[in-house]
Amino acid sequence: MAAAAPVTTFATAGGATLSPDHYVDVAYEEKLRLWDEVKADPRFPDYLYGCYECGICVAACPSAKFYNFSPRKIAQAAAREDVELIFEQMNDDVWNCSQCFSCNRCPRQNSPGGLITILREVAVNNGLASSKAALEGYTRIVYKIMTTGTQVSPDMLQADAFPDWGPGVMEVSDNLELWRKALPPETLHTTSMSWQVDDKTLTELYLIWHYTGVMDLIAEVDEGLHMIILDVMEETLEEAGFEI
Ligand code: SF4
Ligand code: SF4
């Protein structure tokens, strides 16, 4: 009996595991439509000027050291307008980027990390299944930031929530009390918030997220999360005299 073909998988920064068969293939016309959406982004002309294929971005890229991932391939696919490969990357490679922008040292003035930002946004905007899978690991963080206006508190750094962070997160979660004391702002020592955001700022944030379509993006990615965040938002906005 012939051995089964190996399936290549990779862990995303959010801890999800994807494989090439994880996403659904679509007609070429749909791939072309997605690519046109990427190119129509006003940032696109600043992020791609062609590619020397020199590999400097790969040498600078931390994700390339740990994953089967190359910013050079992202830039090349975009420069060649390889619609099939770009669709594949949108469902796979782009979720391996840590958005550090070390690749901006490109001698051709490209920004592969910037291209990836656009590719990710188009993937999310169009509800690609791979974007949902990649963002699953961030649900708690998205909820925390969008309801409180604050970032991750030390309590959230649990190894089971961030398996992809390796031994570093184990060390943090084993020594949470120590870390809380080491963090300077008083409120970082609490279990719920990094710092208190006043009601006026929170109201403004909620309105921005509502009117700029961020909430629609959340609904595309995770309907349950969207409902929970909307509940919290509506209550605060109602108290402030806004109805959305
Ligand atoms: S994107 Fe820039 S750094 Fe990367 S291979 Fe192309 S020219 Fe070189
Ligand atoms: S932004 Fe992404 S592609 Fe660029 S160096 Fe960082 S991880 Fe690599």
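Structure's up top.
Residues numbered from 1 in each chain as written. Chains lettered and ligands numbered in written order. Predicted model: local features only at pLDDT ≥ 70, side-chain atom pairs only at ≥ 80, totals over all residues. Heavy atoms only, no water.

What follows concerns the site of ligand 1. What surrounds ligand 1 is a group of 13 residues, the closest being Cys51, Tyr52, Cys54, Cys57 and Cys106. Those elements giving two or more residues to the shell around ligand 1 turn out to be helix H3 (56–60) and helix H5 (71–79). For the shell around ligand 1, the class distribution of residues is eight nonpolar, two polar and three charged. (Near = heavy atom within 4 Å. Helix = DSSP H or I, 4+ residues; strand = E, 2+ residues; numbered from the N terminus. Nonpolar A, V, L, I, M, F, W, Y, C, P; charged D, E, K, R; others polar.)

With that out of the way, let us pick up the site of ligand 2. In the neighbourhood of ligand 2, 14 residues make up the surrounding shell, with Cys61, Cys97, Cys100, Phe101 and Cys103 lying closest. Taken together, the elements giving at least two residues each to the shell around ligand 2 come down to helix H4 (62–66) and helix H7 (112–125). Of the residues that constitute the shell around ligand 2, the class distribution is nine nonpolar, five polar and no charged.

Evaluated as defined, the whole model comprises two aromatic pairs. Between the aromatic rings of Trp35 and Phe44, the centroid separation amounts to 5.6 Å while the plane-to-plane angle is 80°, which identifies the pairing as edge-to-face. Centre to centre, the rings of Tyr206 and Trp209 are 6.4 Å apart; their planes meet at 40°, and the pair counts as tilted. Highlighted residues: Tyr206 and Trp209, both in helix H12 (residues 199–211), separated by three residues, approximately one helical turn. Residue classification places Tyr206 among the buried positions, given a relative accessible area of 0%. (Phe/Tyr/Trp six-rings, centres within 6.5 Å; stacked < 30°, edge-to-face > 60°. Buried < 20%, exposed > 50% of the residue type's maximum accessible area, 1.4 Å probe, protein only.)

Mapped onto the secondary structure, Thr148 falls in helix H9 (residues 139–148). Polar contacts involving the side chain of Thr148 include one to the main-chain carbonyl oxygen of Lys144, which spans 2.6 Å. (Polar contact = N/O pair within 3.5 Å; in protein donor to acceptor, adjacent residues only side chain to side chain.)

Here we take up helix H14 (residues 223–239). Taking 1.5 Å per residue, 17 residues should reach 24 Å; H14 reaches 24 Å between its end C-alpha atoms and fits that length. Where H14 is buried, its residues touch H9, H12 and helix H13 (214–221). N-capping of H14 is provided by Asp222, with a side-chain oxygen placed 3.1 Å from the backbone N of Gly224. Note on H14: the residue one or two positions beyond its end, Gly241, has a positive phi of about 90°. (Expected span 1.5 Å × (residues − 1). Contact = heavy atoms within 4.5 Å.)

Okay, the nonpolar core next. Across soluble globular proteins, you tend to see nonpolar side chains buried next to one another. Among the nonpolar cores identified, the biggest contains 29 residues, and Trp35, Val38, Phe44, Ile74, Met90 and Leu119 are the most heavily contacted of them. Breaking this core down by element, the ones donating at least two residues are helix H1 (28–40), H5, helix H6 (83–90) and H7. Here this core gets seven residues from one element, more than from any other, and that element is H7. Excluding residues that lie within four positions of it along the chain, Phe44 makes contacts with Trp35, Val38, Lys39, Leu115 and Ile118. (Core = buried A, V, L, I, M, F, W, Y, C linked by side-chain atoms within 4.5 Å.)

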